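# Working through the structure, step by step
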Amino acid sequence: MHGKAARAQTSHERGSALGIRHDWTAYEILALLTAPLLDLVDQARAVHRGHHADGAVQLASLLSIKTGACPEDCKYCPQSAHYAKQTGLGREALLEVDDVLAKAQLAREAGATRFCMGAAWREVKEGPAFDSVLDMVRGVRALGMEACVTLGMLTQAQADRLADAGLTAYNHNLDTSPEFYGEIITTRTYQDRLDTIAHVRDAGIEVCCGGIIGMGESIEDRARLLQTLATLDPHPESVPINALVAVPGTPLEDRPPVDPLDLVRMVAAARITMPACRVRLSAGRRALTREAQVLCFLAGANSIFYGDRLLTTANNDTRDDLALIEEAGLSVQDSVLR
């Protein structure tokens with residue numbers, strides 16, 4: 001067993017000792033999502049207090065290190081080459097290592113403890129570009145930050161190389177339920193995603209895996225997404241909950257905004273079913289009022305993407321974020337590395 005995989009096994013045993021479940025049914029999760037809102041939030045709050053008593057919020061900064069011209073056809077994504085003529089988003093080359101590390105240093109100085117790097121690739125290919133990403137990972141870790149990347153599909157050997165470089169976490173979202181998935185993406189199967197997650201886990205890297213609501217899915221699809229995540233063993237260490245940002249030029253450009261209370265329900269159900277994970281408020285947070293964001297924190301969110309930009313869309317003002325966290329009586333997670 002890979003050394004880091006052994007630590008993941010220890011994490012699994014610790015979770016079992018805490019009574020964390022991996023046998024959730026879609027029916028049980030649907031019952032959570034349709035429960036009276038305040039009852040649901042009360043339950044999630046109790047679970048959250050039991051596993052995250054410090055009330056700390058992790059600030060994660062996100063940078064697109066290679067933008068546009070992705071061969072995938074994800075209907076929500078402006079980086080897809082399939083919709084480039086409509087979105088006007090062109091191909092950009094992979095950023096230089098030094099430029100990325102300079103941005104990571106700025107994020108660290110602003111209070112972020114995790115630096116996430118995303119490349120618009122279908123899959124990782126061996127060669128100079130991947131070697132540069134490995135150097136980025138080493139450099140971010142040398143700054144005393146957690147390093148996360150999202151690069152598309154991985155082989156086991158590539159996951160092992162990322163682990164050896166010191167990668168903290170790999171993001172690979174499931175996006176939606178297995179049943180609705182084909183309505184959103186046809187160029188990669190659901191099993192492809194699960195296989196990449198398995199490679200990451202076997203390498204001993206933390207898994208960052210969540211989904212998106214607001215793409216036209218049913219509430220049953222939302223329950224099935226959470227069930228798929230909550231029956232992974234171990235659970236993902238981070239679960240990003242995204243609300244669709246309907247970007248002009250993409251096939252989902254006309255989708256109506258997500259009801260903020262639906263986002264609260266997803267956060268609460270994720271917290272109840274995956275008690276020890278970090279539930280991260282991700283894309284779509286900019287459209288939320290301060291009150292809706294506080295309700296998400298109350299329901300169990302304990303991480304946000306921090307900085308004025310996500311991969312290709314705008315994000316909340318950093319000063320407003322810090323002020324909101326303070327006013328809510330929460331704290332910012334200190335650096336985990338010394």
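Residues numbered from 1 in each chain as written. Predicted model: local features only at pLDDT ≥ 70, side-chain atom pairs only at ≥ 80, totals over all residues. Heavy atoms only, no water.

### Examining the overall build of the protein
A count of helices and strands for the protein gives twelve helices and ten strands. Looking at the 338 residues of the protein, the share that counts as buried comes to 54%. The contacts in the protein between residues at least 6 apart in sequence include a share of 76% that link residues at least 24 apart. A total of about 14300 Å² of accessible surface is found on the protein, and carbon and sulfur atoms cover 52% of it. (Helix = DSSP H or I, 4+ residues; strand = E, 2+ residues; numbered from the N terminus. Buried < 20%, exposed > 50% of the residue type's maximum accessible area, 1.4 Å probe, protein only. Contact = heavy atoms within 4.5 Å. Areas by Shrake-Rupley, 256 points an atom, 1.4 Å probe, with all protein chains shown as cover.)

### Considering the nonpolar core
With 92 residues, the main nonpolar core has Y76, M117, L151 and L162 as its most contacted residues. At eight residues, the largest contribution of residues to this core is made by helix 10 (residues 260–273). (Core = buried A, V, L, I, M, F, W, Y, C linked by side-chain atoms within 4.5 Å.)

### Digging into helix 10
The terminal C-alpha atoms of helix 10 lie 20 Å apart, and with 14 residues this matches the ideal 20 Å at 1.5 Å per residue to within 8%. Extensive coverage of helix 10 is indicated by the burial of eleven of its 14 residues. Taken as a whole, helix 10 has its buried residues at L263, V264, R265, M266, V267, A268, A269, A270, R271, I272 and T273. For helix 10, the capping residue at the N-terminal end is D259, with a side-chain oxygen 2.9 Å from the backbone nitrogen of L261. (Expected span 1.5 Å × (residues − 1). Polar contact = N/O pair within 3.5 Å; in protein donor to acceptor, adjacent residues only side chain to side chain.)

### Considerations on the packing of aromatic side chains
All chains considered together, the criterion is met by one aromatic pair. On the basis of an interplanar angle of 80 degrees and a centroid distance of 5.2 Å, the ring pair of Y181 and Y190 is categorised as edge-to-face. Accessibility assignment for this pair places Y181 and Y190 in one class, buried. It is R21 that lies over the ring of W24; its NZ or CZ is 4.0 Å from the centre. (Phe/Tyr/Trp six-rings, centres within 6.5 Å; stacked < 30°, edge-to-face > 60°. Lys NZ or Arg CZ within 6 Å of the ring centre and 35° of its normal.)

### Notes on helix 2 (residues 26–33)
Of the residues making up helix 2, those classed as buried are I29, L32 and L33. Axial view of helix 2: buried residues confined to an arc of 95 degrees, hence all on one face. Looking at the buried side of helix 2, the elements it contacts are helix 3 (37–51), helix 9 (219–230) and helix 10. (Arc of directions from axis to C-beta.)

### What to know about the pattern of salt bridges
Where charged atoms of side chains with opposite charge meet at close range, the side chains can pair. What the rule picks out here adds up to 15 salt bridges. The partner of E28 in a salt bridge is R21, with the nearest N and O atoms 2.9 Å apart. A relative accessible area of 29% places R21 in the partly exposed class. Each of R21, D23 and E28 takes part in one network of salt bridges that share partners. (Salt bridge = Lys/Arg side-chain N within 4 Å of Asp/Glu carboxyl O.)

### Description of the confidence of the model for the protein
Here the protein shows a mean pLDDT of 87. Residues at 70 or above account for 89%. Here helix 1 (residues 3–17) stands out as the element of the protein with the lowest mean pLDDT, 50, in contrast to helix 9, whose mean of 98 is the highest. pLDDT under 50 marks residues 309–314. Its contacts with residues more than four places away, or in other chains, come to 20 contacts. (pLDDT = per-residue confidence, 0-100.)

### Re the side chain of T176
Its place among the elements puts T176 in the loop between strand 4 (169–171) and helix 8 (190–202). Residue T176 is classed as buried on the basis of its relative accessible area, which comes to 2%. Residues in contact with T176, not counting those within four places in the same chain, are Y181, Y190, M215, E217 and L225.

### Quick look at the environment of T186
Among the secondary structure elements, T186 is positioned in the loop between strand 4 and helix 8. Along the chain, T186 and E72 lie 114 residues apart, while their C-alpha atoms are 8.0 Å from each other. Polar side-chain contacts of T186 include one of 2.4 Å to the side chain of D73.

### Here we look at the side chain of T150
One can find T150 in strand 3 (residues 146–150). Relative accessible area serves as the criterion here: at 19%, T150 is assigned to the buried category. At a separation of 3.0 Å, a polar atom in the side chain of T150 contacts the main-chain carbonyl oxygen of N171. If we ignore the near neighbours within four places in the chain, the residues touching T150 are M117, G118, A119, Y170 and N171.

### Details of the packing of helix 5 (residues 97–109) against helix 6 (residues 128–142)
Packing of helix 5 against helix 6 leaves a shortest axis separation of 10 Å and a crossing angle of 30 degrees. Relative to helix 6, helix 5 is oriented roughly parallel. Seen along the crossing, helix 5 lies across helix 6 with a hand that is right-handed. Of the residues in helix 6, those in contact with V97, V100, L101 and A104 of helix 5 are S132, D135, M136, G139 and V140. (Axes fitted to C-alpha atoms, helices over the stretch in contact; angles between N-to-C directions. Parallel < 35°, antiparallel > 145°, perpendicular 65-115°, else oblique. Left-handed = near helix turned anticlockwise from the far one by under 90°.)

### Remarks on the pairing of strand 3
Most of strand 3 sits out of view: five of its five residues are buried. With burial as the criterion, each face of strand 3 is covered, one bearing E146, C148 and T150 and the other bearing A147 and V149. As paired strands, strand 2 (residues 114–119) and strand 3 are joined by five bridges and run parallel to one another. Bridge pairing links C116 to C148 in strand 3. Handedness of the crossover joining strand 2 and strand 3 through helix 6 is recorded here as right-handed. (Pairing = 2+ DSSP bridges. Right-handed = clockwise from strand over helix to strand, strands pointing away.)

### Brief notes about the state of the cysteines
One pass over the structure, following the stated rule, counts zero disulfides. Residue C148 stays outside any disulfide, its sulfur separated by 4.3 Å from that of C116, the closest cysteine. Judged by relative accessible area, which is 3%, C148 ranks as buried. (Disulfide = S-S within 2.5 Å.)

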